[in-house]
Amino acid sequence: MYIRELSVLNYKNFGEATLGFSRKVNCFIGNNGVGKTNLLDAIYYLSFCKSYFNIPDSQNVRHTMDYFALQGKYELREGVEEIHCGFKNGQKKKIRRNKKEYERFSDHIGLLPLVMISPADSVLIQGGSEERRRFMDSVISQYDRSYLDWLVRYNRVVQQRNNLLKSCAGQSSVDPDIFAIWDEQMIQLGEKIHHKRRQFLEELLPVFQKYYSLISGGNERVSLEYGSQLNNQAFDQLLKESFSRDRLLQFSTAGIHKDDLELKLDGYPIKRLGSQGQNKTYLIALKFAQFDFICSLNSIKPILLLDDIFDKLDSERVEEIVKLVSDDHFGQIFITDTNREHLDGILREAGGEDFRIFKVESGMVQLIEKRV
């Protein structure tokens, strides 16, 4: 699977552009702030119906305009697929596959598997547990559509339960049985989600450790640990024990919506211990493992987006990453950088047989070199 052509209209700092891509390596070079990342984000949007940076659609519209449109032509096993995403201020966005509009955006997730590595990934280490849950959920949702449905329903049930807790505020006594319908649904859905998350991390861990060892030279030990209240206690018992606290705080304090992913380096949280280079190595290895995991399940190589991944890494780690991404193991790759040094190294390692290089300048992009 690969994207053959991308058309962009009024997306972020781009007015209008249509680009044809290599099925192997595509490079965007240019100074910082000219829009290289925005092009990667447009490709990401076509896979996930939203920006990688989790911002409102209105903020993706080019300044002074009131709408944006994205279109991608993809080569899949079944043939050519055309995806169109459109948004206008004050209206609901629309996603079409081969001119047929989706009723639910969730039906599109997983059709075009994709992995993006970006400096923004640092939020996985520095941010709260919500960011790490979002990472787990985004990966699992790409290959398991039932999981995404469970997650949407679970979050809706938690919200209903929280509303009920708020409505009971100030009452001297509350019959726990009135919460039974919500508790039952939370337990049923939460246990399924917990099982999927635990299974995912068990399978991801050895692949992640392999990549980290390759990039770092094997001098550091890393681990991923799934933190969940359900690991050691049944969900129904958790809800019973937390009921008094839930009433006091007026929200549900127990459940898989409190899960976390503990990121560790040499047995300690990497947030406290890791250098900038170690943090970046950790995140790159995690995303490469994500790529392998998705690929192993559906035998489709996801599109790989690499945004400024060489910054803050020593020359040895850069060299190992260049070797990795140049290998035939990966499919279509998009890379951004401020100069050609790293890009030329990748193209050289990959044999330089199939690539395109684009120059990006202040919302303008042009093809400057290609080989097929």
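(A) Up close: the overall build of the protein chain. A count of helices and strands for the protein chain gives 10 helices and 15 strands. Its C-alpha atoms give the protein chain a radius of gyration of 22 Å, within 12% of the compact-globule value 21 Å for 372 residues. With the principal axes as the frame, the protein chain shows a C-alpha extent of 75 × 50 × 40 Å. Looking at the protein chain as a whole, 51% of its 372 residues qualify as buried. Within the protein chain, contacts between residues at least 6 apart in sequence are counted, and of these 70% link residues at least 24 apart.

(B) Examining the sheet that holds strand S15 (residues 364–371) more closely. The strand order across the open sheet formed by 6 strands is S8-S12-S13-S3-S14-S15, and the pairing between neighbours is mixed. The open sheet is flanked by strand S8 (114–117) and S15, the only strands paired with a single partner. If you compare each strand with its neighbour and ignore which way they point, the axes differ by 15° on average. Sheet topology note: the strand S3 (residues 25–29)/strand S13 (residues 333–337) ladder contains 5 bridges and is parallel.

(C) Examining the environment of histidine 194 more closely. Examined against the element boundaries, histidine 194 turns out to sit in helix H5 (residues 180–216). We classify histidine 194 as buried; its relative accessible area is 5%. As a C-alpha pair, histidine 194 and serine 122 span 72 residues in sequence and 25 Å in three-dimensional space. What histidine 194 contacts, discounting residues up to four positions off in sequence, is Tyr226, Ser228, Leu230, Asn231 and Ile256.

(D) Fine view of the pairing of S3. Burial runs high along S3: 5 of the 5 residues are buried. What you see with S3 is no split at all: Val25, Cys27 and Ile29 on one side and Asn26 and Phe28 on the other are buried throughout. By the bridge criterion, 5 bridges tie S3 to strand S14 (residues 355–361) in an arrangement that is parallel. What sits directly across from valine 25, in S14, is phenylalanine 355.

(E) Geometry of the pattern of salt bridges. If you walk through the whole model with that rule in mind, you get 26 salt bridges. Across the pair lysine 210 and aspartate 292 runs a salt bridge whose closest N-O atoms are separated by 3.6 Å. Note that lysine 210 is positioned in helix H5 and aspartate 292 in helix H8 (residues 276–298), a separation of 82 residues in sequence. Each member of the salt-bridge network shares a partner with another, and the members are Glu130, Glu131 and Arg134.

(F) Local environment of helix H6 (residues 235–249). Largest kink in H6: about 50°, centred on phenylalanine 243. Taken as a whole, H6 has its buried residues at Phe235, Leu238, Leu239, Ser242, Phe243 and Asp246. On its buried face, H6 is in contact with helix H4 (145–167) and H5.

(G) Molecular detail of the packing of aromatic side chains. Overall, the coordinates contain 21 aromatic pairs when judged by the stated rule. Through a chain of ring-to-ring contacts, three or more aromatic side chains come together here, namely Tyr11, Tyr45, Phe68 and Phe87. Here the guanidinium or amino end of lysine 210 rests over the ring plane of tyrosine 211, the centre of that ring lying 4.5 Å away.

(H) Representation of the sheet that holds strand S6 (residues 94–97). Pairing is antiparallel across the open sheet formed by 6 strands, whose spatial order is S2-S1-S4-S5-S6-S7. Whereas interior strands pair on both sides, the edge strands pair on one side only; in this sheet they are strand S2 (14–20) and strand S7 (100–101). In the sheet, strand S1 (residues 2–11) pairs with S2 via 6 bridges, with the strands oriented antiparallel. Looking at the pairing, leucine 9 lines up with glutamate 16 of S2. Relative to the sheet, helix H1 (residues 36–48) contacts S1, S2, strand S4 (67–76) and strand S5 (79–88), its axis offset from that of S1 by approximately 110°.

What counts and how
Residues numbered from 1 in each chain as written. Predicted model: local features only at pLDDT ≥ 70, side-chain atom pairs only at ≥ 80, totals over all residues. Heavy atoms only, no water. Helix = DSSP H or I, 4+ residues; strand = E, 2+ residues; numbered from the N terminus. Rg over C-alpha atoms; globule rule 2.2 N^0.38 Å. Buried < 20%, exposed > 50% of the residue type's maximum accessible area, 1.4 Å probe, protein only. Contact = heavy atoms within 4.5 Å. Pairing = 2+ DSSP bridges. Axes fitted to C-alpha atoms, helices over the stretch in contact; angles between N-to-C directions. Salt bridge = Lys/Arg side-chain N within 4 Å of Asp/Glu carboxyl O. Bend = angle between axes of the 7 residues up to and from the residue. Phe/Tyr/Trp six-rings, centres within 6.5 Å; stacked < 30°, edge-to-face > 60°. Lys NZ or Arg CZ within 6 Å of the ring centre and 35° of its normal.

Spatial relationships are all this shows, so hold off on functional conclusions.
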